[in-house]
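# Chains, contacts and geometry: an overview
Each chain, letter by letter, is given below.
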Amino acid sequence: MDKFAPAELRMSLDELRRRTVDGRGVSDIRLLQVEDGPGRGQRLLVVRNAMGIAFEIAVDRGFDISAATWRGINIGWNSANGMPWPPHPVDAEDGVGFYRNLDGFVVTCGLDHIGGARRDNADRYIHKHRKQVFNPLHGRISSQRATISGYGIDWRTDVPVIWAEGVVRQSSVFAENLVLQRRIEIDVFGNVIRIADTVENRGFRPTPHAILYHVNFGYPFVDQALEISGNLSREMAAAFNGEDKRPREDFVDCYQEIPIASDLWTASIELRNRALLGGISAKLSFSHKELPNFGIWRAFQSGVYAFALEPARHFDPESNSAEDPLILAGGETAKYKVELSLSAMGA
């Protein structure tokens, strides 16, 4: 058990309620609205638990996780954009309008396209005016507004849990109609943020599907002391751990695809910073059967200074591999689970 674990872990729920009748002494989830700045008007679900983990769910930005801290230490990444609301058009600037919006700890990319902006054939939608589909950088889902299905703290379960559910739709007439149903939860006395997603084709024509979880870490968790380990090659980990990670004005951001080195269903990649509070660990776990592609993003340019872990499922319309292109027929679904563990090193 974590040496900093609270005494409440050893209490019965009845004993705990005697001390904090509504539970807010140890955990909370609240729906708030931003009232100033670039994000004015958007909704946030603000979560904190008894283990010192706090995060925000950006309801109007794809139901993504916009910020995360561990015992007051910032773990996630935020840009100069300030989570703008409404978001800037993702189709602008030749399809890289995404960069005007990019901000937050977990940014979901998709649902029909990830990667660079491009045009694809649209014959599958059999409409005289839609011969091509324009796919902006990393798709559209992260700029879509969610419908809240519910949220709260369930004290009735054996393990009390804080939860939130939302539905996000990406659609157009005579094009895709893809729906993301998402549940985000964390145990009141736990250290793992769990994201469970179901993507469904609510249309009646076959539609490509791709998804990428852009998990962005920032300062002070990201600095020269950052180390990586897990289900990847020792050579890659050693090279990363020894490289210069300081911010610099002339750093050109880069994406590196990395093979997962595991025969198990679940892969885990761990980041560590030994210089903060005696050592902080952030571990990302996911099924590499569901998300077979993985890479890291280095963005150590001054004023940006981010590092990302990116499990994904690509869609390549030019691939001849039966395992690569994912086409969802009408009513068909794809399911994903991603877990983020925040803890003291060795806990």
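A few points on the structure. Just so it is clear, the structure is predicted and the values come from calculations on it, not from any experiment. (Residues numbered from 1 in each chain as written. Predicted model: local features only at pLDDT ≥ 70, side-chain atom pairs only at ≥ 80, totals over all residues. Heavy atoms only, no water.)

### Some remarks on the overall build of the protein
Selection criterion: In this text, helices come from DSSP runs of H or I with a minimum length of four residues, and strands from runs of E with a minimum of two, each type numbered from the N-terminal end. Each radius of gyration is computed over the set of C-alpha atoms, and the globule rule expresses the reference value as 2.2 Å times the number of residues to the power 0.38. Here's how the labels work: a residue is buried when its accessible area is under 20% of the maximum for its type, exposed when over 50%, partly exposed in between, all with a 1.4 Å probe on protein chains only.
Scanning the protein from N- to C-terminus turns up four helices and 22 strands. At 20 Å, the protein has a C-alpha radius of gyration in line with the 20 Å of a compact globule built from 347 residues. With the C-alpha coordinates of the protein rotated into their principal frame, the extents come out at 65 × 45 × 45 Å. A burial count over the protein gives 52% of its 347 residues as buried.

### Re the layout of surface pockets
Once rolled over the atoms, a probe with the size of a water molecule shows which space is left empty. Threshold: Think of a 1 Å grid over just the protein atoms. A cavity is a set of points where a 1.4 Å probe fits yet cannot get out, a pocket is an open set with protein on both sides within 12 Å along at least five of seven lines, and lining residues have an atom within 4 Å of a point. Grid points are joined across faces, edges and corners, and a volume is the space filled by probe spheres set on the points. When residues are sorted by character, Ala, Val, Leu, Ile, Met, Phe, Trp, Tyr, Cys and Pro go into the nonpolar class, Asp, Glu, Lys and Arg into the charged class, and all the rest, Gly among them, into the polar class.
What the largest pocket holds in volume is close to 290 Å³. Considering the residues around the largest pocket, the lining is formed by 14 residues, among which Trp77, Tyr99, Leu102, Trp297 and Val304 are closest to the centre. In the lining of the largest pocket, the residues fall into nine nonpolar, four polar and one charged. Roughly 250 Å³ of volume is contained in the second largest pocket. Lining the second largest pocket are 16 residues, and of these His138, His214, Tyr255, Trp297 and Glu310 lie nearest its centre. The dominant element in the lining of the second largest pocket, judged by the number of residues it contributes, is strand β16 (residues 254-257), at three residues. Broken down by class, the residue content of the lining of the second largest pocket amounts to nine nonpolar, four polar and three charged.

### Here's the deal with the environment of Val199
To be explicit about the condition: The contact criterion used is simple: two residues touch if any of their non-hydrogen atoms lie within 4.5 Å.
The topology assignment puts Val199 in strand β12 (residues 192-201). Of the residues examined, Val199 reaches a relative accessible area of 0% and is grouped as buried. C-alpha separation for the pair Val199 and Gln181, spaced 18 residues apart in sequence, amounts to 6.4 Å. Apart from residues no more than four positions distant in its own chain, Val199 is found in contact with Leu111, Val179, Leu180, His209, Ile211, Leu328, Glu332, Thr333, Ala334 and Tyr336.

### Quick notes on the pairing of strand β10 (residues 161-171)
Where we set the bar: By definition, two strands form a pair when at least two bridges between them are found by DSSP.
Pairing geometry for strand β9 (residues 146-154) and β10, over eight bridges, is antiparallel. Residue Ala146 lies in a different strand from β10, and its bridge partner there is Val168. Connecting the antiparallel pair β9 and β10 is a turn made up of six residues. In this structure, β10 lies alongside strand β11 (residues 177-187), joined through eleven bridges in antiparallel fashion. Along β11, the bridge assignment pairs Ser171 with Asn177. Count of turn residues in the β10/β11 antiparallel hairpin: five residues, of which Phe174 carries a positive phi of about 60°.

### Comments concerning empty space enclosed by the protein
This structure, assessed with the given rule, holds two cavities of 30 Å³ or more. Along its surface, the largest cavity is lined by 15 residues, and Arg61, Asp64, Asp103, Val107 and Ser142 are the ones closest to its centre. Per-element accounting of the lining of the largest cavity gives the leading share, three residues, to strand β4 (residues 64-70). For the lining of the largest cavity, the per-class residue count stands at eight nonpolar, four polar and three charged. Roughly 30 Å³ of internal volume is contained in the second largest cavity. Lining the second largest cavity, in full, are Ile29, Val47, Phe55, Ile57, Ile162, Trp163, Ala164, Ile184, Glu185 and Ile186. For the lining of the second largest cavity, the elements supplying multiple residues, two or more each, are β3 (53-58), β10 and β11. Across the lining of the second largest cavity, the residue classes break down as nine nonpolar, no polar and one charged.

### A few points about the packing of aromatic side chains
Inclusion rule: Under the pairing criterion, centres of Phe, Tyr and Trp rings, with the six-membered ring standing for Trp, must be within 6.5 Å; the plane angle then separates stacked pairs below 30 degrees from edge-to-face pairs above 60, leaving the rest tilted. To sit over a ring, a charge needs its Lys NZ or Arg CZ within 6 Å of the ring centre and within 35 degrees of the ring normal.
For the structure shown, the criterion picks out nine aromatic pairs. Ring centres 5.8 Å apart and planes at 45° place the aromatic pair Phe217 and Phe221 in the tilted group. For the pair shown, Phe217 and Phe221 are each scored as buried. Residues Phe300 and Phe307 carry aromatic rings whose centres are separated by 6.4 Å and whose planes lie at 20° to one another, so their mutual orientation is stacked. Judged on exposure class, the residue Phe300 and its partner Phe307 are both buried. One cation-aromatic arrangement involves Lys245 over Phe240; the distance from NZ or CZ to the ring centre is 4.9 Å.

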